[in-house]
Amino acid sequence: PAAAIAGLLCAIVLLIMRREGFGEIRSAAGVPQLGGVLSALRRWRSNRAIFQLLLGTMLIQMAVFVVVTFTTPILADRFGQGLDDLLWLLLRIHILAVPSTLAWSHLMSGASRQAGALFLLAAWGSVLLLLAFGSGSWMPVVTVTVIGCCLGATFSGLRGFLAEGLEEQNSVTLFALA
């Protein structure tokens, strides 16, 4: 039932977004969307820093997904979590990721980017330490809570770094690559 409710909520949000016009990607200055992306890929040397940031973003996302993926077997093996418990913990991650995305965006609009990145690095380090050495009945809930908060904040930070590095005329095209 929980998966059906989540799927229904996702479908409702997508329908509302489509009705409001979020589903349309408009091209800048009459350039076709695919042509704009291909053109940006051909001019990669002029946007080298942005492509390095995109590569870094991809590597960070892969690392985050590895941590999230391996959290489940660790919780199942070390703490005897059943499938129902694991699904509720996974739902908790996603529920916490949404407000943490918004909160992180709000906090970072006036704070140091370097301090924010170091804080997130320390938070992900605490997740790994909790997974490696945590014990007690509280550990799965605390670990998943920290992962949920870090997940949204990390992706919000990465999108913020990308948005700061883009020129306005390239933003639609390069966000399509992200």
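As a starting point, this report considers the structure included with it. (Residues numbered from 1 in each chain as written. Predicted model: local features only at pLDDT ≥ 70, side-chain atom pairs only at ≥ 80, totals over all residues. Heavy atoms only, no water.)

**Topic: the overall build of the protein**
Looking only at helices and strands, one finds seven helices and zero strands in the protein. From first element to last, N terminus to C terminus, the protein shows the α and β order α-α-α-α-α-α-α. Within the protein, residue pairs in contact and separated by at least 24 positions form 74% of the contacts whose partners lie at least 6 positions apart. When the accessible area of the protein is evaluated, it comes to approximately 11,700 Å², of which 70% is carbon and sulfur surface. (Helix = DSSP H or I, 4+ residues; strand = E, 2+ residues; numbered from the N terminus. Contact = heavy atoms within 4.5 Å. Areas by Shrake-Rupley, 256 points an atom, 1.4 Å probe, with all protein chains shown as cover.)

**Quick notes on the side chain of Thr101**
Assignment of secondary structure puts Thr101 in helix α4 (residues 83–108). The class for Thr101 is buried, based on a relative accessible area of 19%. Here Ala97 takes part through its backbone oxygen, which lies 2.7 Å from a polar atom of the side chain of Thr101. With residues near it in sequence (within four places) discarded, Thr101 still touches Gly152, Ala153, Ser156 and Arg159. (Buried < 20%, exposed > 50% of the residue type's maximum accessible area, 1.4 Å probe, protein only. Polar contact = N/O pair within 3.5 Å; in protein donor to acceptor, adjacent residues only side chain to side chain.)

**Description of the packing of helix α3 (residues 48–79) against helix α5 (residues 113–133)**
Relative orientation of the contacting elements α3 and α5 amounts to 25 degrees, with a least axis distance of 10 Å. On the basis of the axis angle, α3 is roughly parallel to α5. Regarding α3 and α5, the two cross each other, and that crossing is left-handed. Contacts between α3 and α5 involve Val64, Val67, Thr71, Ile74 and Arg78 on the former and, on the latter, Trp124, Val127, Leu128, Leu130, Leu131, Ala132 and Phe133. Grouping the constituent residues of the contact of α3 with α5 by class yields ten nonpolar, one polar and one charged. (Axes fitted to C-alpha atoms, helices over the stretch in contact; angles between N-to-C directions. Parallel < 35°, antiparallel > 145°, perpendicular 65-115°, else oblique. Left-handed = near helix turned anticlockwise from the far one by under 90°. Nonpolar A, V, L, I, M, F, W, Y, C, P; charged D, E, K, R; others polar.)

**With respect to a nonpolar patch on the surface**
On the surface, a cluster of nonpolar side chains totalling about 490 Å² of accessible area is made up of Ile5, Leu8, Leu9, Ile12 and Ile16. With respect to the helices and strands, Ile12 occurs in helix α1 (residues 2–19). For Ile12, a relative accessible area of 40% corresponds to the partly exposed category. (Patch = residues over 30% accessible without salt bridge, like charges linked within 9 Å, V, L, I, M, F, W, Y side chains within 5 Å. Salt bridge = Lys/Arg side-chain N within 4 Å of Asp/Glu carboxyl O.)

These figures capture arrangement, not role.
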